[in-house]
Amino acid sequence: MSELPGIVVMGASGRMGQMLIREVNAQDGARLVGALERPGHDWIGQDVGACMGGQPLGVIVSDDPLETMAKAQAVIDFTAPAATVAMAEIAAQARAVHVIGTTGLGDDDLAKLALAGRHSTIIRAGNMSLGVNLLVQLTRKVAEALDEDFDIEITEAHHHHKVDAPSGTALMLGEAAAEGRGVDLADVSDRGRDGITGARKRGDIGFHAVRGGDIVGEHDVMFAAPGERIVLRHLATDRAIFARGAVKAALWGQGKKPGEYDMMDVLGL
Ligand SMILES: NC(=O)C1=CN([C@@H]2O[C@H](COP(=O)(O)OP(=O)(O)OC[C@H]3O[C@@H](n4cnc5c(N)ncnc54)[C@H](O)[C@@H]3O)[C@@H](O)[C@H]2O)C=CC1
Ligand SMILES: O=C(O)C1=N[C@H](C(=O)O)C[C@H](O)C1
């Protein structure tokens, strides 16, 4: 039997799930040992490679996370908040690394993940790409260097299927900007203005979400002052960048102590 870490992909039929199946399968350093979908999904019981329209991969899509995780050293989960919280407990029982790309998690969900993280290795990030994680660092630095004469506005654009706003990435960028300024994001966050809002409050961090077509993911952080503007921008054109980061995280997490980690830890940024 191979010693390579066995990885389960959760949400196998999803936009990210299919990308992840391809990425794990293409890796020399890992093996695909499971594919999960929600109960009732029409891929259940079929080979995941065939479902994706390619060669069979010898992995049958299952809706039984307990059984599937028994063979795994890691699970990569880009699904939905309730599914991710449920998986956190199962991954902890299986002593498997839980890589979480799911966004839109609420405070209650995060509290449950923190509990699970006492017993398991969780690596979670609203964006797993190298470029965005660098942009987060740049945003913190620029916010630190500038005072509140510079208004910070974060704009994100995504495909029309996306269900959460602001995006996980926009929130990461907002947290970094607030940290750079030495303030709490919750105190200065101003989301999606509408109507007679009054003039902009000095020190606020604004968020705006665009949804349309097949946009993979675009993020701008604008620092606007009288007479000048700085705009930091990341454009994603291929979901493979997120999948690559997630597989890297699953391998990096092997043998790490239980706890909650993020992509900064994985990438050493
Ligand atoms: N952190 C990152 O780098 C990125 C995060 N995302 C996030 O990943 C999540 C998924 O995005 P997409 O792939 O575009 O969505 P999607 O809707 O295409 O895929 C989600 C999949 O999860 C499945 N699912 C739902 N509940 C399940 C359960 N209990 N067990 C197993 N599977 C279940 C669905 O059936 C679906 O196939 C979103 O929260 C999105 O924001 C997306 C791209 C990058
Ligand atoms: O839903 C998506 O597609 C994406 N979600 C993540 C987010 O919420 O920031 C990451 C990426 O932008 C794509």
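Above this text is the structure in question.
Residues numbered from 1 in each chain as written. Chains lettered and ligands numbered in written order. Predicted model: local features only at pLDDT ≥ 70, side-chain atom pairs only at ≥ 80, totals over all residues. Heavy atoms only, no water.

J.: Looking at this model, I keep getting lost on the site of ligand 2. Mind explaining?
T.: Taken together, Thr103, Gly126, Asn127, His158, His159, Lys162, Ser167, Gly168, Thr169, Val216, His219 and Phe242 form the complete shell of residues around ligand 2. At 2.6 Å, a side-chain N or O of His158 approaches an oxygen atom of ligand 2. Gly168 is positioned with one of its backbone polar atoms (N or O) 2.8 Å from an oxygen atom of ligand 2. Residues belonging to the shell around ligand 2 are distributed by class as follows: 2 nonpolar, 9 polar and 1 charged. (Near = heavy atom within 4 Å. Polar contact = N/O pair within 3.5 Å; in protein donor to acceptor, adjacent residues only side chain to side chain. Nonpolar A, V, L, I, M, F, W, Y, C, P; charged D, E, K, R; others polar.)

J.: Explain the sheet that holds strand β9 (residues 205-211) to me, please; I cannot follow it from the model alone.
T.: The strands that make up a sheet pair up through hydrogen bonds in the backbone, lying either parallel or antiparallel. Read across the sheet, 5 strands follow the order β8-β9-β7-β10-β11 without closing on themselves; strand pairing throughout is mixed. This sheet does not close on itself; its edge strands, each paired only once, are β8 (189-191) and β11 (228-236). Direction aside, neighbouring strands of the sheet carry axes that sit 20° apart on average. Inspection of the sheet shows strand β7 (residues 151-158) paired to β9 by 7 bridges, in the parallel sense. Residue pairing across strands places Ala157 opposite Val210, the latter belonging to β9. Contacts from helix α6 (residues 130-145) reach β7, β10 (217-225) and β11 within the one sheet, and its direction differs from that of β11 by about 165°. (Pairing = 2+ DSSP bridges. Helix = DSSP H or I, 4+ residues; strand = E, 2+ residues; numbered from the N terminus. Axes fitted to C-alpha atoms, helices over the stretch in contact; angles between N-to-C directions. Contact = heavy atoms within 4.5 Å.)

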